[in-house]
Amino acid sequence: MSQALPPMPPPPLPPSSAPSTSPYATRRPQRTGFAVAVLSGALLVGGSAGFAGAALWTTVSDDTAGSPSSSLAVADTPDAPAAAGSVEEVAAKVLPSVVKLDVSGGQGGGSGSGVVLDADGLILTNDHVVSLGGSVDPSQASITVSFNDGTKSTASLVGTDPLTDTALVKVDGATGLAPITIGKSGNLDVGEQVVAIGSPFGLDSTVTSGIVSALDRPVDVGQDAQGNITAYPAIQTDAAINPGNSGGALVDMNGNLVGINASIRSTGSANTEAGSIGLGFAIPVDEILPIVEQLEAGEAPTHARLGISVSDVPAQAGVPAAQVVDGALIRNVGDGSAAGAAGLRAGDVITRIDEHQVSGADSLIATIRAYRPGDRVTVTYERSGKERTTTLDLGSDADAGTS
């Protein structure tokens with residue numbers, strides 16, 4: 001994995017300098033977050049949507065008044081129907097189902113995007129959109145929803161899950177909205193065309209397109225004071241994603257929702273708002289849906305866990321890098337944990353979960369985050385230079401108090 005970039009201030013979850021004691025498969029803090037959140041303007045421009053007034057717009061005045069007019073060849077370009085499977089066709093289908101969210105609270109404000117899930121106004125977005133990057137209590141934030149047809153409405157919070165960067169809001173008094181069609185992110189392939197729709201820098205109803213550049217890319221965007229990490233096995237895309245696209249839709253060429261745009265890799269500094277360099281990341285919809293169902297039902301979200309703390313495998317003196325095992329080094333095993341019950345020990349290096357290769361701590365955390373409590377997995381690991389496997393049923397953070 002390439003050198004990680006510092007998160008755009010404020011990060012989705014404040015990082016902690018203390019060693020992790022989380023019951024999840026967590027890594028010890030040793031570097032900054034991999035991606036920057038793409039919330040536009042949160043606490044950076046005092047409540048604007050990412051612009052410093054109109055100063056960023058450049059206009060050119062026409063000072064040629066009185067000059068002779070020229071003869072221009074004007075072609076007749078009729079508005080032809082969108083070609084089947086085209087970006088134009090996808091945009092026409094999906095735009096009514098994607099909204100802009102303006103959020104304010106405390107002394108700050110910002111804007112992001114959201115996706116309409118039902119006709120009565122249930123909106124899916126990112127936790128870092130409604131919490132302004134973790135700087136405000138989302139239940140106290142003021143939320144305004146702007147629709148594709150130009151209308152606006154207020155909304156209230158339904159629930160949030162910082163660990164998966166997921167949030168639900170409900171439009172006040174809404175009926176007859178156009179819900180998006182949910183697809184299956186597990187059916188995506190590298191190289192497949194996708195379309196991103198959202199409100200970059202406050203520019204609502206913006207459409208960009210690209211391909212799936214990679215799948216299951218481990219993205220770690222922050223850590224809270226308890227050591228719990230916001231991480232997910234992301235869909236990587238070169239479709240342009242910028243600040244303000246957070247919470248917006250990533251759809252396939254049938255217009256089906258396959259991911260929620262959430263973060264980017266950027267060359268921007270910590271003091272400037274980052275922009276797209278063709279490395280955008282979306283949370284797979286397959287991983288989000290169980291959390292959405294729990295939030296909608298008013299339940300506390302639950303997450304699968306191994307019950308261990310991990311780190312990357314450190315370099316070893318005198319050992320060539322090519323001979324160092326890639327994986328997640330177990331530092332501690334919790335009492336009564338799923339990992340402990342399966343015989344895993346401190347010092348083991350986990351290299352694979354089912355068919356998913358584990359390249360380091362972030363990779364393991366993101367992989368486990370894609371599973372649900374109770375799922376049975378096969379863990380491949382190395383101990384004393386020998387490869388071993390074990391099968392276990394993943395635990396749940398709902399049982400953290402007894403594990």
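Our subject is the structure listed above.
K.L.:
Teacher, can you tell me more about the pairing of strand β14 (residues 256–264) here?
P.N.:
Remark: a regular strand shows side chains that alternate across the two faces of the sheet. Burial runs high along β14: nine of the nine residues are buried. One ladder, built from two bridges, connects strand β9 (residues 181–182) with β14; its direction is parallel. Paired with Thr181 across the two strands is Asn256, which belongs to β14. Note: strand β13 (residues 249–251) against β14, three bridges, orientation antiparallel. Bridge assignment links Val251 to a residue of β14, and that residue is Leu257. The pairing of β14 with strand β15 (residues 280–284) spans five bridges and is antiparallel. From the neighbouring strand, Ile260 faces β15, where its bridge partner is Ile283.

K.L.:
When you look at the sheet that holds strand β4 (residues 108–116) in this model, what are you seeing that I'm missing?
P.N.:
Through backbone hydrogen bonds, the strands of a sheet pair up, either in parallel or in antiparallel fashion. Around the barrel, six strands lie side by side as β3-β4-β5-β8-β7-β6; this closed barrel has antiparallel pairing. Geometrically, the sheet is characterised by an average inter-axis angle of 40° between neighbouring strands, direction not taken into account. By the bridge criterion, eight bridges tie strand β3 (residues 98–105) to β4 in an arrangement that is antiparallel. Bridge assignment links Gly105 to a residue of β4, and that residue is Gly108. Helix-sheet contacts for helix α3 (residues 285–296) involve β5 (122–125), β7 (152–161) and β8 (166–171), and the interaxial angle to β8 is about 45°.

K.L.:
Please clarify how helix α5 (residues 361–369) should be interpreted in this entry.
P.N.:
Residue pairs spaced three or four apart in an α-helix point in one direction, given the helix's 3.6 residues per turn. Burial within α5 is extensive, with nine of its nine residues counted as buried. Listing the buried residues of α5 in full gives Ala361, Asp362, Ser363, Leu364, Ile365, Ala366, Thr367, Ile368 and Arg369.

Conventions adopted
Residues numbered from 1 in each chain as written. Predicted model: local features only at pLDDT ≥ 70, side-chain atom pairs only at ≥ 80, totals over all residues. Heavy atoms only, no water. Buried < 20%, exposed > 50% of the residue type's maximum accessible area, 1.4 Å probe, protein only. Helix = DSSP H or I, 4+ residues; strand = E, 2+ residues; numbered from the N terminus. Pairing = 2+ DSSP bridges. Axes fitted to C-alpha atoms, helices over the stretch in contact; angles between N-to-C directions. Contact = heavy atoms within 4.5 Å.

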